[in-house]
Amino acid sequence: MTQTTKSELLAAESRSKARPRLLIEDWLPAAAIGVECTRERSTGLQPPDKRLHVWWARRPLTASRAAVLGSLLPADFPRDVFERLIGFGRTGSELVEIRRLMDAGVRVQGGFGTGRAFSRPLRENDLTSAHEATEALWVDPVLVVDPMAGGGSIPLESVRLGFDTVANEYNPVACSILEATVDYPIRYGSELAASARTWGRKWLARSEKRLGAFFPRRSDGLVHAYIFARTVPCPDTGFPTPLVPDWHLLKPKQGLRVVAVPQVDKTRGTWSVEIRGIGPDSEQISVPPTPTYGDGKGVSLFTGRQIPSDYIKAKAQDGQMGNALYVVAVKTPTGLKFEVPTKVDVDALAAANLELKKFRPLWERDNVIPTERYPEISSDPRPITYGMPRWADMFAPRQLLAMGVLVEELRNLRPDIVEAEGHDRGDAIEHLLAFAIDKFVNYDAVFSSWHAPRQVMRSVFDRHDFAFKATFAEMAPCGAGTGIDWAIDNTLDSWEKLAKLPRAVDSRPATIYMGSGTRLPQIATGSVTAVVVDPPYDDNVQYSELADFFYVWLKRTQGHRHPDWFATSLCERDEEAVVNVSRFRGPRDTAAPARQRARDRYRTLMTESFRECHRVLRDEGALTVMFTHKKQEAWEALFAALIKAGFTITATWPIKTESEHSLNQARKNAAQSTVVLVARKRLSGASIGFFDREMRAEIADRARRSAERLKNEGLNPVDQLVGSFGPALEVFSRYDEVRTDTGVPVGVDLAIAEASDAVSQWRIEQLASRGLEGVEAEGRFALLCWDVMGAAEFRFNEAKLLGHAVGMDVETLVAAGLVTKEGDKVLILSARQRRRDRPLEPDEQIETLSGPEVRSRRRRRSETLKVHPNDPIYRTALDACHALALRYIEAGRGPAGIGAARALVRQQDWKPDGPVATLMTALVHAAPEAVRRDRGTRSAAAQFPEFRAWHALLEPLIGVPAPDWSEKMPPQLRLPDVPGSDAEDAGFPDDELAEDDWQEESEEV
Ligand SMILES: C[S@@+](CC[C@H](N)C(=O)[O-])C[C@H]1O[C@@H](n2cnc3c(N)ncnc32)[C@H](O)[C@@H]1O
């Protein structure tokens, strides 16, 4: 028997067996992965791939690796090996426990005592175990595909694990980033960085020779930034007047503030500034100067009169908006100094202007600078509104001169690089240097700015748009450690670290394709073991519109290598899967239909992409989708697209990518989560399912069981809820279509609601073991909110789900005076917010069949829904609980408070086993950490003191022992080191941060 026939036989045998469960379908240390994802983001220094080049909405490496590996391994793969392979230096449960202690304010000496997961070495024998397990499971070689690869987190992790990988991406800028991320490091090794540095120095020297004169050196230090104001002619005098929204140069939270104070010469029509501190001394001023720009409008320095925003835009479009250098920030040996520009500075600017004029025609002819027009159809029309119709207009003349010289000199150096290094290697080096230009340009446009609170330059992509900036900052390109030198260093340093990330010895470069994920013609049908993808969501990021900023430069530095990638004027958009209303808005359209069309297009593209995933995937393979969006509609759309494309959903794993620590302060459960969702090809012949009692019971049972499991894994209640959706939807998505008994199609939302109801019911049982008999829907809702959401503020759809579980819609909850709604947000009202000024009079209430009701002609309805601690009667158990808390607090807490509350209990004849007592006990058990201890006036505990009141009243009023809320945490803790962790993590220590003090690194947006 030949080898092939044997493997074919084995393959047939394995296919005929039931699809084996994958690790990611059965278990995943989601909480600990979340801890590592948080570490990835929170130490101040992003992983090197994120620092190489700007790309938006990048995923954490640890979550990406877990998604890839979990989709390939069988469910019985050993946990300890899996945890080591995803980079844990301690067991998952230890990591979760350390994080919990840290979040509770314990100072854990030495931190986690182990390097961050993405940087830890991979043990050879663990990798062998993983590859043996995948070979046994899949028989054929494993192939992992990410059809929307962006900056490349997913393919990078797949490559590092040693699997064959394809990275497909629609955007050419992202493709360019992918080359440097998932190909060069493996093809050329980290040594390439050293060669690139040598060429970088030559390039820098040549560029400096041409640019040095335009950036005069200073005797006292290096220029950190030139700070400019945009100007328009004053409408009355015609003199150029600056638009400055804030004159601060230094605005630390504490310490000396420094401002530029404008000095105006009204006769000559000129202005300059004096640099002054703010304070009581004679040379200081007491208040900062009045801004001359705000809300789009200006104020003339010469007349003090307002300048309308239409006038500013008109002047900008007419080419009359100017730039005035007013401060130079200099790094001196004694610290940062702000100086008034000298004549030398001003002359240098004028000379740069002339130089640009000289070169401009040549550069336009030779395609050195971007002459492309900013697109007329765009979600952000501001560059055109503010007089920047071409991409080159986004640069002040000296900035454009610097960019032109850098591009030209890199081109001039190209033949030498290629001759010395060989064609491919030379190309790669030039590519990395081109990325240094991209790094530099992010700090060298009229959108880069000075950040007075942190005394750093802010990059263009500090924001996700091209908002007009009335003041901007220019980075000096020349000088050791600054400008382009910094950009080269920073880029190559990031790349070298990326290339040094531990990986399997036999890792192979990923294959990169540029194109839409809706068609992957290079990939054979049924050939892919796992598709792992992190698709765009809705209108979150307009990738191509933002990427154009880099595209127009990369086209000029890299276009020769990939004429097909850089063939179009700007990035292609037609098949980009984003909701971009501007592309669907006709001249007479209102926003709503255009939005609907844009959304429909997005959904079609997503469904088509998933269909293509279905085509390329092996029948037993998994499609794993990473998704970061809190809105539940997003879920529903995603589930629906997957089902439509022929998939069954089998698991959902919420992974926190942000620390929950902030929740102690904040009102909301806002910590970011990435949800990993697993889907499998639906078995053919699935046809129509009925949303009958049986299916609903099965959904409920699955949801409840998975929530229980996730609770044991250490996930919090909201994540238990989200994590239950996948298994529950497996029941629903077995069918091509689901209908009611009467034939009405059933949407995925109903299945989610069914799952959510089941989990909510289960949570309530946990909190009130004896049930909640007699407690109205209002009380059950409040209980669920605090228990599941752990916060007072959440999204409308989350409220809708919990409301559904207790049979109330959000509008009813608002009408019941329990919550308020602000746009998409729903906020629970505290006892204090619900307090009425005066108690009700006995004649203001009546007993109805459904209980007591307030009917008063003298008060507004909203007033009657409130409570007062001395009301004669209470509508609901929740009102009664609020009244008890108010009594306790207002009587001064302690014994007096208990006495006052006890009097109310007696007066109302509330029994220790009645609804009020049951609800109060359950609320105490549902209390999230944030409300248990007062952490200052803005803390959740201060806003909701009722929890501490109920806690204090439990024992004396009901005889129920109160849970221990004391902070028993040690103030400090020293964990034993993980053996060998220091040696293993060499090169990537946890505290390797010291965020570059030169520039604010915000590439990962
Ligand atoms: C959320 S991002 C991926 C980020 C990536 N996982 C990372 O960590 O860097 C989504 C990507 O989908 C890309 N995209 C949008 N439409 C696409 C399409 N039709 N085909 C392929 N990629 C597309 C976007 O350009 C973007 O890079």
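Being a predicted model, the structure only gives us computed values, none of them experimental.

Caption draft 1: Fine view of the overall build of the chain. What the chain contains, in helices and strands, is 33 helices and 29 strands. Taken over C-alpha atoms, the radius of gyration comes to 32 Å for the chain, in line with the 30 Å a tight globule of 1005 residues would show. When the backbone C-alpha atoms are referred to their principal axes, the chain occupies close to 95 × 90 × 65 Å. Looking at the chain residue by residue over its 1005 residues, the buried ones come to 59%. Residue pairs at least 24 apart in sequence account for 75% of intrachain contacts in the chain once pairs closer than 6 positions are excluded. Total accessible area computed for the chain in this model is approximately 40000 Å², and 51% of it derives from carbon and sulfur atoms. Side-chain charges of the chain comprise 131 positive and 141 negative groups, with the mean position of each set lying 4 Å from the other.

Caption draft 2: Highlighting helix α22 (residues 717-732). For α22, which comprises 16 residues, the first-to-last C-alpha distance of 23 Å matches the rise-based estimate of 22 Å (1.5 Å per residue) to within 8%. For α22, the principal kink sits at Gly726 and spans about 25°; a proline, Pro727, occurs within the next four residues.

Caption draft 3: Spatial organisation of helix α24 (residues 777-789). Spanning 13 residues, α24 covers 17 Å between terminal C-alpha atoms, matching the ideal 18 Å at 1.5 Å per step. Where burial is concerned, most of α24 is hidden: 11 out of the 13 residues are buried. Among all positions of α24, only Glu778, Gly779, Phe781, Ala782, Leu783, Leu784, Cys785, Trp786, Asp787, Val788 and Met789 are buried. Positive backbone phi, at 65°, marks Gly790, one or two positions downstream of α24.

Caption draft 4: Main features of the packing of helix α11 (residues 192-211) against helix α16 (residues 423-441). Packing of α11 against α16 brings their axes to within 10 Å, and their N-to-C directions diverge by 60°. Put simply, α11 runs oblique to α16. In this structure, α11 meets α16 at a crossing whose hand is right-handed. Contact residues: α11 offers Leu192, Ser195, Ala196, Trp199, Gly200 and Trp203, while α16 offers Arg425, Ala428, Ile429, Leu432, Leu433, Ala436 and Ile437. Counted by class, the contact of α11 with α16 contains 10 nonpolar, 2 polar and 1 charged residues.

Caption draft 5: Just the environment of Arg39, in detail. Along the chain, Arg39 falls in helix α3 (residues 30-42). Of note is the side chain of Arg39, whose polar atom sits 2.7 Å from the backbone oxygen of Thr114.

Caption draft 6: View of the nonpolar core. Within the largest apolar cluster, 139 residues are counted, with the highest numbers of intra-cluster contacts made by Trp56, Trp203, Tyr326, Trp495 and Phe549. Among all residues touching Phe549, those that are not within four sequence positions of it are Trp391, Met394, Phe395, Val441, Ala445, Val460, Phe461 and Phe466. Grouped together as the second largest cluster of nonpolar side chains are 129 residues, Phe610, Cys613, Ala679 and Ile828 included.

Caption draft 7: How the structure looks around the site of the ligand. The environment of the ligand is formed by 24 residues, the closest being Arg59, Ser153, Glu169, Gly517 and Asp534. Between Gly152 and the ligand, the recorded distance is 3.4 Å, taken from a backbone N or O atom to an oxygen atom. In this structure, a nitrogen atom belonging to the ligand sits 3.1 Å away from a side-chain N or O atom of Ser516. In the complex, the protein chains occlude 100% of the 600 Å² of accessible area that the ligand would expose alone.

Caption draft 8: Structural context of the packing of aromatic side chains. Applying the stated criterion across every chain, the model contains 34 aromatic pairs. For the pair Tyr293 and Phe468, a centre-to-centre distance of 5.9 Å together with 70° between the ring planes defines the contact as edge-to-face. Pair noted here: Tyr293 is in strand β9 (residues 293-294) and Phe468 is in the loop between β15 (456-458) and β16 (471-474), with a separation of 175 residues, a long-range link. Assessed through its relative accessible area of 13%, Tyr293 is described here as buried. With a relative accessible area of 13%, Phe468 lands in the buried category.

Caption draft 9: View of the pattern of salt bridges. In the structure shown here, the tally under the stated rule is 75 salt bridges. Asp126 is paired through a salt bridge with Arg84; the nearest N and O atoms lie 2.8 Å apart. Note that Asp126 is positioned in helix α8 (residues 124-138) and Arg84 in helix α6 (residues 79-85), a separation of 42 residues in sequence. The class for Asp126 is buried, based on a relative accessible area of 4%. The residue Lys358 makes a salt bridge to Glu355 at a minimum N-O spacing of 3.5 Å.

Caption draft 10: Structural detail: the state of the cysteines. For the structure on display, the rule yields 0 disulfides. Cys175 forms no disulfide, and the closest cysteine sulfur to it belongs to Cys571, at a distance of 10.0 Å. Look at Cys175 and you get buried, because its relative accessible area is 0%. Cys613 takes part in no disulfide bond, and the closest cysteine sulfur to it belongs to Cys175, at a distance of 16 Å. Cys613 sits in the buried class, given a relative accessible area of 2%.

Caption draft 11: Examining unusual backbone geometry more closely. Even without being a glycine, Ala57 presents a positive backbone phi close to 55°. Relative to the helices and strands, Ala57 is located in the loop between α4 (48-52) and α5 (61-72). Assessed through its relative accessible area of 25%, Ala57 is described here as partly exposed. Within the chain, Asp909 stands out as a residue other than glycine whose phi angle is a positive 60°. Within the secondary structure, Asp909 sits in the loop between α29 (894-908) and α30 (915-926).

Caption draft 12: Quick look at the side chain of Thr529. You can see Thr529 is positioned in strand β18 (residues 528-533). Judged by relative accessible area, Thr529 falls into the buried class, the value being 0%. A polar contact is formed between the side chain of Thr529 and the backbone nitrogen of Leu143, at a distance of 2.8 Å.

Caption draft 13: Layout of the sheet that holds β9. Taken in spatial order, the 3 strands line up as β9-β10-β11 in an open sheet, and their pairing is antiparallel. Of all strands in the sheet, those with a lone pairing partner are β9 and β11 (306-307), marking the two edges. As defined by bridge partners, β9 adjoins strand β10 (residues 297-299) across 2 bridges and the pair is classed as antiparallel. Paired with Tyr293 across the bridge in β10 is Gly298.

Caption draft 14: Local environment of the environment of Asn870. Within the secondary structure, Asn870 sits in the loop between α27 (861-864) and α28 (877-890). On the basis of relative accessibility, which here comes to 43%, the residue Asn870 falls in the partly exposed class. A distance of 2.9 Å separates a polar atom in the side chain of Asn870 from a polar atom in the side chain of Arg887.

Caption draft 15: Just the sheet that holds strand β24 (residues 793-795), in detail. If you walk across this open sheet you meet the 3 strands as β24-β26-β25, and the pairing is antiparallel. What marks the edges here is a single partner per strand, and that holds for β24 and β25 (819-822). If you compare each strand with its neighbour and ignore which way they point, the axes differ by 25° on average. The pairing of β25 with strand β26 (residues 825-828) spans 4 bridges and is classified as antiparallel.

Caption draft 16: Structural view of the packing of α5 against helix α9 (residues 153-160). At a minimum axis separation of 8 Å, α5 and α9 run at an interaxial angle of 60°. With respect to each other, α5 and α9 are oriented oblique. Once α5 is placed against α9, the crossing between them reads as right-handed. Packed against α5, whose contacting residues are Leu61, Ser64, Arg65 and Val68, the element α9 presents Ser153, Ile154, Leu156, Glu157, Ser158 and Arg160 at the interface. Looking at side-chain class alone, the contact of α5 with α9 contains 4 nonpolar, 3 polar and 3 charged residues.

Caption draft 17: Representation of the pairing of strand β3 (residues 164-169). Most of β3 is tucked away: 5 of the 6 residues are buried. Examined bridge by bridge, strand β2 (residues 143-146) and β3 share 4 bridges and lie parallel to one another. Within β3, the residue paired with Asp146 across the bridge is Ala167. Crossover handedness for the path β2 to α9 to β3: right-handed. Direction of pairing for β3 relative to strand β17 (residues 511-514): parallel, over a ladder of 4 bridges.

Caption draft 18: Local environment of the confidence of the model for the chain. Mean pLDDT over the chain: 89, with 90% of residues reaching 70 or higher. Per-residue pLDDT stays below 50 along residues 661-670; that stretch engages in 34 contacts with residues further than four places along the chain or on separate chains. In this model residues 980-1005 is a low-confidence stretch, pLDDT under 50, and it forms 77 contacts with partners more than four residues away in sequence or in other chains.

Caption draft 19: Region of interest: the environment of Glu776. Mapped onto the elements, Glu776 comes out in the loop between α23 (748-767) and α24. Note: C-alpha distance between Glu776 and Val806 (30 residues apart in sequence) is 8.8 Å. Residues contacting Glu776, with those up to four places away along its chain left out, are Arg875, Thr876 and Ala877.

Each value, and the rule that gives it
Residues numbered from 1 in each chain as written. Predicted model: local features only at pLDDT ≥ 70, side-chain atom pairs only at ≥ 80, totals over all residues. Heavy atoms only, no water. Helix = DSSP H or I, 4+ residues; strand = E, 2+ residues; numbered from the N terminus. Rg over C-alpha atoms; globule rule 2.2 N^0.38 Å. Buried < 20%, exposed > 50% of the residue type's maximum accessible area, 1.4 Å probe, protein only. Contact = heavy atoms within 4.5 Å. Areas by Shrake-Rupley, 256 points an atom, 1.4 Å probe, with all protein chains shown as cover. Lys, Arg positive; Asp, Glu negative; His and termini not counted. Charge placed at Lys NZ, Arg CZ, Asp CG, Glu CD. Expected span 1.5 Å × (residues − 1). Bend = angle between axes of the 7 residues up to and from the residue. Axes fitted to C-alpha atoms, helices over the stretch in contact; angles between N-to-C directions. Parallel < 35°, antiparallel > 145°, perpendicular 65-115°, else oblique. Left-handed = near helix turned anticlockwise from the far one by under 90°. Nonpolar A, V, L, I, M, F, W, Y, C, P; charged D, E, K, R; others polar. Polar contact = N/O pair within 3.5 Å; in protein donor to acceptor, adjacent residues only side chain to side chain. Core = buried A, V, L, I, M, F, W, Y, C linked by side-chain atoms within 4.5 Å. Near = heavy atom within 4 Å. Phe/Tyr/Trp six-rings, centres within 6.5 Å; stacked < 30°, edge-to-face > 60°. Salt bridge = Lys/Arg side-chain N within 4 Å of Asp/Glu carboxyl O. Disulfide = S-S within 2.5 Å. Pairing = 2+ DSSP bridges. Right-handed = clockwise from strand over helix to strand, strands pointing away. pLDDT = per-residue confidence, 0-100.

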